[in-house]
Amino acid sequence: MSMVAGVDFGTLSVRVTIVDSAKGPVGTASAPYPLHRRREDPNYATQSHADQMAALAAATRDVLKSTGVQGDAIKAIALDTTGSSVVPVGKGLEPLDEYYLWCDHRAFAEAEEITRKAHELGFEGIEWCGGVYSHEWGFAKLLHWLRHNPDKRERLVTALEHCDMVAATLSGVTDVSQLKRSVCAMGHKWMWNPQWGGLPPENFLVAVDPLFAGIRAKMGGNYETSNHIAGHLSEKWAAALGLRAGIPIPVGAFDAHWDAVGSNIREGDAVNVVGTSTCIIAMARKAELVPGVCGVVPGSVHPDYTGIEAGLSATGDIFEAIAERANTTVAALSEGLDAYKAGQTGLLRLSWDNGDRTVLVNPELGGVTLGWNLVHTAQDELFAAIEGTAFHTRIILERLAEHGVRIDRVINAGGIPQKSEVLNRVYANVLNKPVLVPAGIPTSLGSGIFALLAAGAYKTVEEAQAAVCLPLRTVEPDAKSAAIYERLYKHYRDVYFALGTRDAVPIALGKVLPELRKIAAEVMRVPSP
C-alpha cells in the first residue's frame, strides 16, 4: 500500500487530495488565492506565484490534519495547473512578474500576428494546433509581456508554464538546464513537437517580431511526458508542506488533461471538464490534424496516446455572470430549473462571453442571446446558457469526429456536473447519447494517479485507474427532448458560423426567431401568435 498527494491548481484555489493505492481518495483540502483583474481592462487576469505556493502549503497541511495521515507516509506528490498560464522568470528562476493566467486575453493581437506569419511562411506547427494560434497560449502571452515590459526584458532568463514552475520550485531547481518541461503544456500551447525538432524555429519567431530573438534558446530544459520525474521535494518545501524531503515529483500537466485521466478516460472517450471554462479532452493511438482545436500532441494526456484538446472559453463564468447581473447566486437561480423543458424559453444563447476557444478560435466574439421578450427572466437565460454550452460542445465533438477522432462515450467531469443534474440532462439530450458522470469530484485524482506511478505503486496508467478511479453513473437522453434539441441545434449551428465567421457566406437567418417562438409554443402547449 502507498499513499501519495495529488495537487490541482485551479483558477481560484488549489486542491490537494491524498490517494491510497488500494482505497483511492482518502481525503481532500483546498485553499484559495486571489485572481487579479482590472475593471478597465476585462482582458487582464494575473496571479501571484507566492500566493499560490502559500495556498499549496496550507492545503497540504490541512489535508494531512483532517485525514490523520502522517506527512512522512506520502511517497510522491504530483501537480497539475491551469494553462496556458505563463510566468517570466529571471536569475534563479525567480518571477519577474505575475502569471499571465489562462484567462488573460490581452495577447489577442500577438496571437493574430503569430497565426498570420505561420501561414505566410508555411510553418507546419500552426496546422497541429488547429490552424489558429490562440490568445490564451504561451508565445502570444510572452510576446505581449516583452512588448509591454521593456525595463524587464534584459533580466528575462526564460518563461515557464505554471505546472513546470511549481515543479521547479518544489524541487529546488534554479537553472534552466536542470528544468523538466511538460510535453502536455508545451505541445498544446507552445507548438512544441518532435516532428520539427521541438519548438518553432528561430527564424520563424524572429519573423513574427525581432523581440523573439534568442527566446528559443532560452526555452531550454528537457521536454518530457508525465511518466518521467521532474525532481524531488526539497528540504525547504518539505518543511513548508509537512512532507518528507526527497519524494519524487513527476513532470506536471494541465488540469483538464489529468482530470480526464482521473475520470478513467480511454480511447474513444470525450471528457468534458466543465468548470469556469470547459476543456474537452480525447486521445487516440493515431490522430490526424483537426482544424480549430487546441493542439494534437503525442503523450499529452496518456504517455502512449496522442492527446486532443478543445473547449469553451467560458462556461461556469457565464452562469456566474448571469446570476451576478440578477443580484443573486447560481445556486439560487438554479432552483426550479429541473422543471424546465427543452426549448421552452424560446431563447438561443451562444457561449461567446469570453470569446470562442474552439472551433472558431476568435477572441473578438461576444455573448449573443436571441429571442428575448418582455417577460423573460434571468432563470430563463441561465437555462438557455446551459443549452448553449451543450450546443457548442456538440459543434466541437462533431468537428473531432469529422477528422477521425473516435467518440464512443461522453464523460462530464469537473465540478459543475457534480452540482447540476440539469446540466447533465441537457447535455445528454443535446448530444443525444448517454453522458457518464463520476460518482464524486475527480479533480486532483489524475495527479494522484501520476504520483502513484512515480512512487512505483503501479506500472501503468490503466492499472492505477482501475484501482482508484471513481465509478461512473449514466444519464440517459430523453427521446422527446432530444428531438426538440435536434431542431434547435440546426439553428444554433447556422447562427454560430454565420455570426462567428468573418466574411461568412450569407444564409437566411430570418427564420431563426420565428422558429424559436414556434418550438417554445409547442413545448409549452401555448398557441402561436
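Check the entry above for the structure.
Residues numbered from 1 in each chain as written. Predicted model: local features only at pLDDT ≥ 70, side-chain atom pairs only at ≥ 80, totals over all residues. Heavy atoms only, no water.

(A) The side chain of Arg-357, seen in detail. As for its placement among the helices and strands, Arg-357 is situated in the loop between β19 (348–350) and β20 (368–370). With a relative accessible area of 7%, Arg-357 lands in the buried category. A polar side-chain atom of Arg-357 sits 3.4 Å from a polar atom in the side chain of Ser-277. Within the structure, Arg-357 has its side chain in polar contact with the backbone oxygen of Leu-312 (distance 3.5 Å). Ignoring any residue separated from it by four or fewer positions in sequence, one finds Arg-357 in contact with Trp-102, Glu-136, Ser-277, Thr-278, Cys-279, Gly-292, Cys-294, Gly-311, Leu-312 and Ser-313. (Helix = DSSP H or I, 4+ residues; strand = E, 2+ residues; numbered from the N terminus. Buried < 20%, exposed > 50% of the residue type's maximum accessible area, 1.4 Å probe, protein only. Polar contact = N/O pair within 3.5 Å; in protein donor to acceptor, adjacent residues only side chain to side chain. Contact = heavy atoms within 4.5 Å.)

(B) Looking closely at the packing of aromatic side chains. Inspection of the entire model under this criterion finds 15 aromatic pairs. Judged by centre distance (4.8 Å) and plane angle (70 degrees), the rings of Phe-139 and Trp-190 are edge-to-face. Of this pair, Phe-139 sits in helix α4 (residues 138–148) while Trp-190 sits in the loop between α6 (183–189) and α7 (202–208), and the two are 51 residues apart along the sequence. Since its relative accessible area comes to 1%, Phe-139 is described here as buried. Under the relative-accessibility criterion, Trp-190 is labelled buried at 0%. Geometrically, the ring pair formed by Phe-391 and Tyr-485 is edge-to-face, given 5.7 Å between the ring centres and 80 degrees between the ring planes. You can see Phe-391 sitting in helix α13 (residues 378–402) and its partner Tyr-485 sitting in helix α18 (residues 479–500), a full 94 residues away along the chain. Both residues of the pair, Phe-391 and Tyr-485, count as buried. Site record: aromatic cluster; members linked through ring pairs are Trp-352, Phe-391, Tyr-485, Tyr-489, Tyr-492, Tyr-496 and Phe-497. (Phe/Tyr/Trp six-rings, centres within 6.5 Å; stacked < 30°, edge-to-face > 60°.)

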